[in-house]
Amino acid sequence: MNKTKIIHVNPLCFSQQELAEGGRLLREGKLVVFPTETVYGLGANALDGEACKAIYTAKGRPADNPLIVHLPDLSGLEQLCRLIPQKAYELFEAYSPGPLTVILPKRECVPEAVTCGLDTVAIRIPSHPVAAALLREARVPVAAPSANRSGRPSPTRLSHVVEDLDGLVDLMIDGGECGVGLESTVVSLAGERPVLLRPGGISLKMLEQVLGEVEVDRAVTGQLAEGQRPQAPGMKYRHYAPKAQLTLGHGDPAALRQWLIACSEQENVGILCYEEDVAAFPHAAHVVSLGRRDDLEAQAHALFDALRSFDETGVSAIFGPLPEMEGIGLAVRNRLLKAAGHRVVEL
Ligand code: TXA
Ligand code: MG
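Residues numbered from 1 in each chain as written. Chains lettered and ligands numbered in written order. Predicted model: local features only at pLDDT ≥ 70, side-chain atom pairs only at ≥ 80, totals over all residues. Heavy atoms only, no water.

Asker: Can you walk me through the packing of helix α4 (residues 86-95) against helix α8 (residues 204-211) in this structure?
Answerer: For any two helices packed against each other, one specifies the crossing angle of their axes together with the interaxial distance. Where α4 contacts α8, the axes come no closer than 9 Å and their chain directions differ by 130°. It follows from the interaxial angle that α4 and α8 lie oblique. The crossing of α4 and α8 is right-handed. From α4, K87, E90, L91, A94 and Y95 reach across to α8, where they touch M206, L207, Q209, V210 and L211. Looking at side-chain class alone, the contact of α4 with α8 contains seven nonpolar, one polar and two charged residues. (Axes fitted to C-alpha atoms, helices over the stretch in contact; angles between N-to-C directions. Helix = DSSP H or I, 4+ residues; strand = E, 2+ residues; numbered from the N terminus. Parallel < 35°, antiparallel > 145°, perpendicular 65-115°, else oblique. Left-handed = near helix turned anticlockwise from the far one by under 90°. Contact = heavy atoms within 4.5 Å. Nonpolar A, V, L, I, M, F, W, Y, C, P; charged D, E, K, R; others polar.)

Asker: Looking at this structure, how should I read the side chain of E37?
Answerer: With respect to the element layout, E37 can be found in the loop between β2 (32-34) and β3 (41-45). When its relative accessible area of 9% is taken as the criterion, E37 is described as buried. A polar side-chain atom of E37 sits 3.1 Å from the main-chain amide nitrogen of S127. Setting aside residues no more than four positions away along its own chain, E37 makes contact with G98, P99, R124, P126, S127, H128, C178, G179, V180 and G181. (Buried < 20%, exposed > 50% of the residue type's maximum accessible area, 1.4 Å probe, protein only. Polar contact = N/O pair within 3.5 Å; in protein donor to acceptor, adjacent residues only side chain to side chain.)

Asker: What's the story with α8 in this structure? I'm lost.
Answerer: Three- or four-residue spacings in an α-helix give side chains the same orientation, since the helix completes a turn every 3.6 residues. Of the residues making up α8, those classed as buried are L207, V210 and L211. Down the axis of α8, the smallest arc covering the buried residues is 85°, so these residues share one side. Exposed side chains of α8 directed beyond 90 degrees from the buried face belong to K205 and Q209. In the core, the buried residues of α8 are packed alongside α4, β5 (100-105), β9 (185-188) and β10 (195-198). One or two positions beyond α8, positive phi appears at G212, with a value near 75°. (Arc of directions from axis to C-beta.)

Asker: In this structure, what is going on with the sheet that holds strand β4 (residues 68-70)? I would like to understand it.
Answerer: Each strand in a sheet pairs with another by means of backbone hydrogen bonds, the pair being arranged parallel or else antiparallel. Pairing is mixed across the open sheet formed by eleven strands, whose spatial order is β1-β8-β2-β3-β7-β4-β6-β5-β9-β10-β11. The sheet terminates laterally at β1 (5-8) and β11 (215-216), the two strands that pair on one side only. As paired strands, β5 and strand β6 (residues 120-124) are joined by five bridges and run antiparallel to one another. The residue bridging V102 from the neighbouring strand is I123, located in β6. (Pairing = 2+ DSSP bridges.)

Structure representation (structure tokens):
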């Protein structure tokens, strides 16, 4: 394949007919990129093992990192999952469609290429109107990882996808910028107790309102020791990484600002900072705002675009803040820690 077709769909005003070709291509085993409320996804028919294998090739994805299966609503759940606890229905009821993925025991019809040998499958019902319309049109469940080359920050607008995957997929559907900006919350209900595997737009507190106590996998906040495994295989990879080394500073606002000013005086440095501080680094080669310090949603929305922007400027090192853990801040912190390879300076 060498030519990728791009179509533009206005999420606020479109007809179901505009997704007909995308739906047909998915049924035929082709690769289709589509917008979701979190990040862009790279979709294939989840019941077609060969089509799903093509996702790994296009992304350069390690073969042990399973895919999330997307459904338009709950009606397809029992076809894919063997055991569905009442709490799973309650959780979907509370937060789906939306940025939530639930891990459940799988049925045999789910191909090996989706689950990489695990006996569980990840299920998500996206709320983005274009994603929902495409899934209805496809009439098959759609396996879709984020539509980036493996290791790169997830794409939050189509230009990011084109940078990474042009010529490697059959169709890209442009639906503008993704709202949340970070991938979905992943929670496992396949074991005895619920476990948060990846933080996202549905916060730990929101999960606990429905599930009671939720264990947090160590990979979410800490660096895993050699040989330790996260429960979501994808969480072990260095990820979201800009080309230059990112170092995070952890301290109160004044200490952080002073540290960033000192760092910015080195040659050819990139600074990632809160909106309030953007004017403080006249010597830096490239300064990017992450959003206001108290606006965690804005930070989630801005993060991946900010990380990608450093690559265009060719800076040789990047310095930024380590966010607090409240709400979606836990997800922003988790992605930044991974982008930095856990390099943190205590101030
Ligand atoms: O927001 C999202 O979730 C986006 C959009 C496109 O829906 N998708 C996404 O997919 O982020 P991906 O492949 O980039 O991340 C999926 C994560 C990985 O960390 C993977 O290891 C984990 O979910 N995962 C998938 N199936 C799993 C399973 N059965 N057990 C544990 N973890 C699983
Ligand atoms: Mg990904």
